[in-house]
Protein chains: 2
Amino acid sequence: MHSPTFSPLYRQIKELILRDLESGEWGPGDPIPSESELAGRFGVSQGTVRKAIDEMAAENLLVRQQGKGTFVATHKDPGSFFRFLRLAPNDGDLQVSQSVPLECWRAKAGADVARILALNTGAPITIVRRLLKLGDEPVVFDEIYLPSELFPDLSLDVLRSGESLYSLFETRYGVRMIRADERLRAVSADRVSAEWLQVADGSPLLLVERVTFTYGHKPVEWRRGFYSTRNYHYHNELG
Amino acid sequence: MHSPTFSPLYRQIKELILRDLESGEWGPGDPIPSESELAGRFGVSQGTVRKAIDEMAAENLLVRQQGKGTFVATHKDPGSFFRFLRLAPNDGDLQVSQSVPLECWRAKAGADVARILALNTGAPITIVRRLLKLGDEPVVFDEIYLPSELFPDLSLDVLRSGESLYSLFETRYGVRMIRADERLRAVSADRVSAEWLQVADGSPLLLVERVTFTYGHKPVEWRRGFYSTRNYHYHNELG
DNA sequence: TAGTGGTCTAGACCACCCA
DNA sequence: GGGTGGTCTAGACCACTAC
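Residues numbered from 1 in each chain as written. Chains lettered and ligands numbered in written order. Predicted model: local features only at pLDDT ≥ 70, side-chain atom pairs only at ≥ 80, totals over all residues. Heavy atoms only, no water.

Participant: Account for the overall build of chain A, with residues named and values stated.
Facilitator: Of regular secondary structure, chain A possesses seven helices and eleven strands. Projected onto the principal axes, the alpha-carbon positions of chain A cover approximately 65 × 45 × 40 Å. Among the 239 residues that make up chain A, the fraction classed as buried is 50%. Within chain A, residue pairs in contact and separated by at least 24 positions form 60% of the contacts whose partners lie at least 6 positions apart. As displayed, chain A offers around 11800 Å² of accessible surface, 50% of which is attributable to carbon and sulfur atoms. Chain A carries 29 positive and 32 negative side-chain charges, and their two centres are separated by 3 Å. (Helix = DSSP H or I, 4+ residues; strand = E, 2+ residues; numbered from the N terminus. Buried < 20%, exposed > 50% of the residue type's maximum accessible area, 1.4 Å probe, protein only. Contact = heavy atoms within 4.5 Å. Areas by Shrake-Rupley, 256 points an atom, 1.4 Å probe, with all protein chains shown as cover. Lys, Arg positive; Asp, Glu negative; His and termini not counted. Charge placed at Lys NZ, Arg CZ, Asp CG, Glu CD.)

Participant: Which residues make up the sheet that holds strand E11 (residues 232-238) of chain A, and what are the values?
Facilitator: The pairing of strands in a sheet comes from backbone hydrogen bonds and takes either a parallel or an antiparallel form. Taking strand neighbours across the sheet as the criterion, the eight strands line up as E4(A)-E11(A)-E8(B)-E9(B)-E10(B)-E7(B)-E6(B)-E5(B) in an open arrangement whose pairing is antiparallel. If you trace the sheet from one side to the other, it starts and ends with strand E4 (87-89) of chain A together with strand E5 (97-108) of chain B, each paired once. Strand-to-strand, the axes of this sheet are offset by a mean angle of 25°, without reference to chain direction. The pairing of strand E7 (residues 137-147) of chain B with strand E10 (residues 218-227) of chain B spans six bridges and is antiparallel. Paired with B:Val140 across the two strands is B:Tyr227, which belongs to E10(B). Along the sheet face, helix H6 (residues 165-173) of chain B touches strand E6 (124-134), E7, strand E9 (204-214) and E10 of chain B and points at about 155° away from the line of E10(B). (Pairing = 2+ DSSP bridges. Axes fitted to C-alpha atoms, helices over the stretch in contact; angles between N-to-C directions.)

Participant: For the sheet that holds strand E3 (residues 69-72) of chain A, give the residues involved together with the corresponding values.
Facilitator: Residues and elements named next belong to chain A. If you walk across this open sheet you meet the three strands as E1-E3-E2, and the pairing is antiparallel. In this open sheet, the two edge strands, each paired with only one partner strand, are strand E1 (31-32) and strand E2 (62-65). In terms of strand pairing, E2 meets E3 through four bridges, oriented antiparallel. If you follow Arg-64 over to E3, its bridge partner there is Thr-70. Lying on the sheet, helix H3 (residues 46-58) is in contact with E1, E2 and E3; it crosses E2 at an angle near 115°.

Participant: Give a detailed account of helix H3 (residues 46-58) of chain B, specifying residues and quantitative values.
Facilitator: Residues and elements named next belong to chain B. In this model, H3 (13 residues) spans 18 Å end to end at C-alpha, consistent with the 18 Å of a helix rising 1.5 Å per residue. Turning to H3, its buried residues number three or more, namely Thr-48, Val-49, Ala-52, Ile-53, Glu-55 and Met-56. Buried residues along H3 cover an arc of 155° about the axis, so they all sit on one side. Packing partners of the buried residues in H3 comprise helix H1 (9-22), strand E1 (31-32), helix H2 (35-42), strand E2 (62-65) and strand E3 (69-72). (Expected span 1.5 Å × (residues − 1). Arc of directions from axis to C-beta.)

Participant: Break down the pairing of strand E11 (residues 232-238) of chain B for me, citing the residues and quoting the values.
Facilitator: Residue and element names in this part refer to chain B. Across the seven residues of E11, five count as buried, placing the element largely inside the fold. As defined by bridge partners, strand E4 (residues 87-89) adjoins E11 across three bridges and the pair is classed as antiparallel. When the sheet's bridge partners are listed, Pro-89 is paired in E11 with Tyr-232.

Next up, the structure:
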């Protein structure tokens, strides 16, 4: 017999490293201590630390670089831009993308948003509308719901910084997007979406509803994205 | 300096095990030899074999079971049914699913299908139409393109066996589906789809185009699925 | 009890990056 | 040259399953 809460040593080490990550001990892009130093610090062998880091690298929390070190994952890296955007052109090459903020205002959380973001009904939220353009074509119209408490001074001006949204959230507000759940449906374009996406009223659009989580499975963003799939598609790989 | 084709020992071991898998040395669901036996056979340490198997388990090619052994992955296992079907109910519990074969006929590959399935134009293909019902509701209308060479005697009768398609392909034809690429778009229902899915003509439908691969990145199925997303959605998790 | 996968260690050496 | 991650080994012990 053993305790039902038994977990192997490398998972305990993983939890310790995770706690340091959450506490902000190391910021996005920073190097964490070397495997041998962590091994010494925790009093375990290097192989055990290695296995802990292996799992965290597989979960995109850390990034290893041979010869250099292990780094805290970041959304600043342009290469990770499409980690949360599964958009690809039907044919031809990908155009440069541009995020165009449209509106930004405060509101009180209704029952739905409150439930999804684990807030109290009536809690202050910030709503953002923005358009994602690829080349000159508007492709995604997003409506984004955020807890105002975490993003206190968010405004259109702040959004016009040019960097990607998640990169902005990370550097300005210290909120790191780790994981997301998406639900996809086909819907008919309403007047607002149709106008922004320059498609006929009632055209079929791909609706992508996303709940994004930070450390500890805490939901911090709800997003409804309307995708115009004339020239682009949502790409997914099943393993 | 070293050869540009250098690969670590555990990857070479992985390739050897992979070759045995492809050759049908062990069938789906069968146990493979123990780690220590493979280590002896290949003349490497158990840890190296272990790392090779680790990767293959992460790719869903093998399944480990502590105390019992390591087994070749199979689609027979009911638990793996939703590995390639990212469908979930908007609310409420999942109903039992039922695959209803509608039509099955031979044809010659057009340019598109030939390109996607890596066949010559005009090569014999088999086309299947089927309906996926959840509870009593028709949810997905699939049109499936297969190389006739790999599925020689496929017919409506064969399809009525009740087991899942990929399970059938695996047991009857020895074709194992390993990986798939999906492209999602929103489209308007055409007459045929609308009728089978019992929705209004022109309703928005989620079109899921899937290319499925067996070992060695060989494409063996092309599938166009029309999803009715009134009560169900396509679920995707982003890590 | 015997056999399997799962964990942990200690130590050696390789590949890579940088100063 | 010195530090980092990456590979490989040999051996010990733990956890689980089956008989």
